[in-house]
Each structure stands twice: as structure tokens, then as C-alpha cells.
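Listed below, chain by chain, are the residues.
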Amino acid sequence: FHRGYRFDAGATLVGGFEPGGPHERVGALLGLDWPVSPADPAWVVHLPERTITQWAPREAWAGERERALPGSGEFWRGQERWADVAWDLSARGLPWPPQSLDDLAGLARAVTPELIMAAPQTVRTVRDLAGAAWADPALRAFLDAQLLISAQTTARHANALYGSAALDLPRRGVYRVQGGVGGLAQTLVTWLRAHGATVLYRERVERIIVKGGRAVAVRTARGLEASADVVVGNLTPWALVRLLGEDAPTRLRRRLARRGATWGAFMLYAGVDESVFDSWPSHHQVVMDPRLPLGEGNSVFISASPTEESGRAPRGQRAVTVSTHTAVEPWLSLKRTDVAAYRARKAHYASRLLAAAERAFPGFSGGVRFRLSATPASFERFTRRADGMVGGFAQTSLWSAWG
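Basis of the calculations
- For every chain, the first residue of the written sequence is number 1, and numbering continues from 1 onward in sequence order.
- Totals for whole chains, interfaces and linings use all residues, but because this is a predicted model, local features are given only for residues with pLDDT of at least 70 and pairs of side-chain atoms are given and counted only at 80 or more.
- Excluding hydrogens and water, the side-chain figures rest on all heavy atoms present in the structure.
- The pairing criterion is simple: DSSP has to find at least two bridges between the two strands.
- Where helices and strands are cited, they refer to DSSP runs of H or I of at least four residues and of E of at least two residues respectively, numbered from the N terminus.
- Structural elements are reduced to axes, namely lines fitted to C-alpha atoms, with helices fitted over the stretch in contact, and the angle between N-to-C directions of any two is expressed from 0 to 180 degrees.
- When an angle is under 35 degrees it counts as roughly parallel; over 145 it counts as roughly antiparallel; between 65 and 115 it counts as roughly perpendicular; any other value is oblique.
- Should the near helix be turned counterclockwise from the far one by less than a right angle, the crossing is left-handed, whereas a clockwise turn marks it as right-handed.
- Note on definitions: a residue-residue contact is assigned when non-hydrogen atoms from the two residues lie within 4.5 Å.
- Polar here means any residue outside two lists: the nonpolar Ala, Val, Leu, Ile, Met, Phe, Trp, Tyr, Cys and Pro, and the charged Asp, Glu, Lys and Arg; Gly therefore counts as polar.
- Exposure is judged per residue with a 1.4 Å probe applied to protein chains only, and the accessible area is read against the type maximum: over 50% gives exposed, under 20% gives buried, and values in between give partly exposed.
- Two aromatic rings from Phe, Tyr or Trp, using only the six-membered ring of Trp, form a pair when their centres are within 6.5 Å; if the ring planes differ by under 30 degrees the pair is stacked, by over 60 it is edge-to-face, and anything between is tilted.
- Any pair of nitrogen or oxygen atoms within 3.5 Å is treated as a polar contact; in protein, a donor-acceptor pairing is required on top of that, and neighbouring residues in sequence qualify only through side-chain atoms on both sides.

### What to know about the sheet that holds strand β1 (residues 14–15)
Reasoning step 1: Strand order in the open sheet formed by three strands is β1-β5-β2, and the pairing between neighbours is antiparallel. What marks the edges here is a single partner per strand, and that holds for β1 and β2 (36–38).

Structure representation (C-alpha cells):
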């Protein structure tokens, strides 16, 4: 919340609230109502020579992809089939990857004919699934752009099963959150306090205390020590190792030693005149030049607060978040060694994101009344995520996934 605007930290929308989805199931178990409503279309993808609308209804999406991506029907039918398998496996909560004989036994009991048929997809990629349709450069650009934001990698590398599920998000259902994504956190806080919980803010955890091989407490920067039966670390693995100190498991340290940095994000937060926007939808993805690598301002995702939602921006404006993937190291290195070059790079990236937003919303730049930008260094400072990394690991292999 800043100067009368309430921005989502990232340009995003949410899933999992459909009947049987994980968040819907949590809401049913706790007896709470999430402040969400379906978003249809989910978002609009802007390629240089065509625009593709991600409709949620099966028939509408089938017609749209045939119009915009002719000849790709066989790929999409296969994608939907394998996505159904992936969603079913996820809903059953099976242990993956298996860590013990009990895990293997549990997987063996879950084997179905459909699962056996899906086995080859565990070692294939989305590009493999595309087959002859891969010859269409528009389909390649579309798939790569979608997968970069949902699987953190492109079609040549994204695992076929995971990628099929990631491409399936509009069909499964995506949602807008009243008040922005922070509305989910506020809903949980309200419920927790109503049921006797204490929620503390501005208590930065500095140490997870381990005794007898178990996490038993946390200690904060202000000296608070809170004991616990269970500690849930909503953390990157790097941060978890830092908070555990010498108690960090050797296996975790070894895995991290083999891991390079993941993606960061460059963000543009803008207050923009309402007149710039059509009435819907609120979410757009823009690819400026499919011939160049995605991210780094060449591909962006845009989220704008809905017209009908008050409290997100001053009257007559909308709160807009624009995001692009970016490598973290150049930002952190410049911030340490050359602040002037860091600021110049920041200004350059902001101008690239403005140009991309202009592609989706002509007149965007002229309608900006407030703007603020953020780099991985900003994320590191304000969220304390290691190196400002966001988005998670690239989903290239089911066999090397982190449980």
C-alpha cells in the first residue's frame, strides 16, 4: 500500500478455487469464504501479429485457438488429456518424488491404466508433445510465454506432464481477488484471530531452533522466542538453510550447492487513468519480439485492478502491476559496485515495460499518474528472499522435483 494505491507485489492472478481445487478444499474445511470471483477470459496474449484470448469455457477456447493457432488442435487435445492426469495425481496427494519404501508402496497402490499410459510423459517435454504443430512460430511463442510464467521455463525444457497442467490453468479456472491478492492473507488472518490465534507482524525470524532433530521454536530479531509443535517455513531453501544454521540437514546443503540461482522479477507499479482501459479483462501478457529470448522486458505480464473495485487506486485511476522475468546477478552486482549504472539499468527496464504495456493498452504511457519500479535487489530488501528470487524452480524434470 503506497500513496493511495494497493498494488499486487507481482502481476498475477490466482487458481485453485474451483470445485475440488486445493484452496476451495481449505475453505470448506475451515468454513471460510474466499473473496474471489471467476476471471473470464483469464488473460489476453499479445503477439506482434495476433492477439489470443484465453477463454475458460472449453468451446470458446477451442474456437479461439483454431482461429489464432490453426492446425494445433491435436496438440491441445493431448495437452488436456495429460493435464487431467496431472491434476488427478496432484489431488490425491501422492508422495513425489518418493523418498522411502513406504512412498514407493503408496505410489504402487495408486497405479491406474491412465497412469501407466502417462508414464512416457514423465521424461518428455512440451515441445515433444507439440509434434508437427511446433513448426508454427506463433504457437512456439505462445507456449513459451505461457510456460515461462507458470513453469519458469520454456517449451523445449518444461516437463510434459507439469507443462500440460500449467497450460491448463484457464480451463481449470482463474480468479480475481477482492482487494488484490493480499485479500487472501487478510481473509486468513481474520479467520485465525476469530478462532483464538495470535498473528504477529514485523517479527523477523532470525533463527529456527532445533532440538533432537526437530524444529521446536523460532527466535525473532526483537528477541521473541515462540515454541511450536510444528514449524512451517514459507521460505526458499536458501533462507531455510540460513535460519537453521548448523542444524541444516547435510542433504539440503548438498542439493543447494548444485543449484544455480532461479529467476528474479523486474516490476513496474503504476497508477494509470481509467480512460486508458477497456472494461475487461484485467490481465494481459505481451511478447514484443518472439525471435529474441523471453524475459528481460521482451515478455511481460500485466495486472490491472478491476474498474468496479474501489480502494485500490485514487478515483478515476487503476493500480497496475507490470512484471518481467530477469536474471538476478546483474542487478545485485551493479547495486554493490556501481549505483549509477544500477539506476540507469532500472530506468531502461522501466521504459521497456512501459513500451510493452503500450502494446496492450494504447495511451498507457500518457495515462500514468504515478509509477515505481523494483528489481531483484528490491525484493531481497523488502521480502528477504535470497537474492530476490521469485517464482520457484524451473519445472524441467519430475524426477528432480523438490517434495
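### Some remarks on the packing of helix α11 (residues 237–244) against helix α12 (residues 250–257)
Reasoning step 1: The contact between α11 and α12 brings their axes to 10 Å, and the two run at 140°. On the basis of the axis angle, α11 is oblique to α12. For the pair α11 and α12, the crossing hand works out as left-handed. From α11, Pro237, Trp238, Leu240 and Val241 reach across to α12, where they touch Leu252, Arg253 and Leu256.
Reasoning step 2: When the residues that make up the contact of α11 with α12 are grouped by side-chain class, the tally is six nonpolar, no polar and one charged.

### Things to note about unusual backbone geometry
Reasoning step 1: Omega for the bond connecting Asp40 with Pro41 falls within 30 degrees of zero, at 5°, which places this linkage in the cis form.
Reasoning step 2: In this structure, Gln152 takes a positive phi of about 65° despite not being glycine.
Reasoning step 3: Within the secondary structure, Gln152 sits in the loop between α7 (137–150) and α8 (160–167).
Reasoning step 4: Its identity as a non-glycine residue notwithstanding, Arg202 has a phi of 55°, on the positive side.
Reasoning step 5: Summarising the element assignment, Arg202 is placed in the loop between α10 (182–194) and β6 (205–211).
Reasoning step 6: With relative accessibility at 75%, the residue Arg202 sits in the exposed group.

### Looking at the packing of aromatic side chains
Reasoning step 1: On inspection of all chains with the given rule, the structure shows 19 aromatic pairs.
Reasoning step 2: Geometrically, the ring pair formed by Tyr5 and Phe370 is stacked, given 5.2 Å between the ring centres and 15° between the ring planes. Here Phe370 lies in strand β13 (residues 368–374) and Tyr5 lies in the segment before β1, a separation of 365 residues in the sequence. By the burial criterion, Tyr5 is buried, and Phe370 matches it.
Reasoning step 3: Ring plane angle 55° and centroid distance 5.5 Å describe the contact between Phe266 and Tyr349, whose orientation is recorded as tilted. Remark: Tyr349 occurs in helix α14 (residues 339–360) and Phe266 occurs in strand β9 (residues 264–273); sequence separation between them is 83 residues.

### A closer look at the environment of Ala60
Reasoning step 1: Within the element layout of this structure, Ala60 appears in helix α2 (residues 58–68).
Reasoning step 2: Through-space distance from the C-alpha of Ala60 to that of Ala83 is 18 Å; in sequence the pair is 23 residues apart.

### A look at helix α16 (residues 376–383)
Reasoning step 1: All buried positions along α16 are accounted for by Pro376, Ala377, Ser378 and Phe379.
Reasoning step 2: At its buried positions, α16 is contacted by β9, β12 (317–326), α13 (328–337), α14 and β13.
Reasoning step 3: Of the residues flanking the start of α16, the one acting as N-cap is Thr375, its side-chain oxygen 3.0 Å from the backbone nitrogen of Ala377.
Reasoning step 4: Remark: Arg384 follows α16 within two positions and exhibits a positive phi of approximately 60°.

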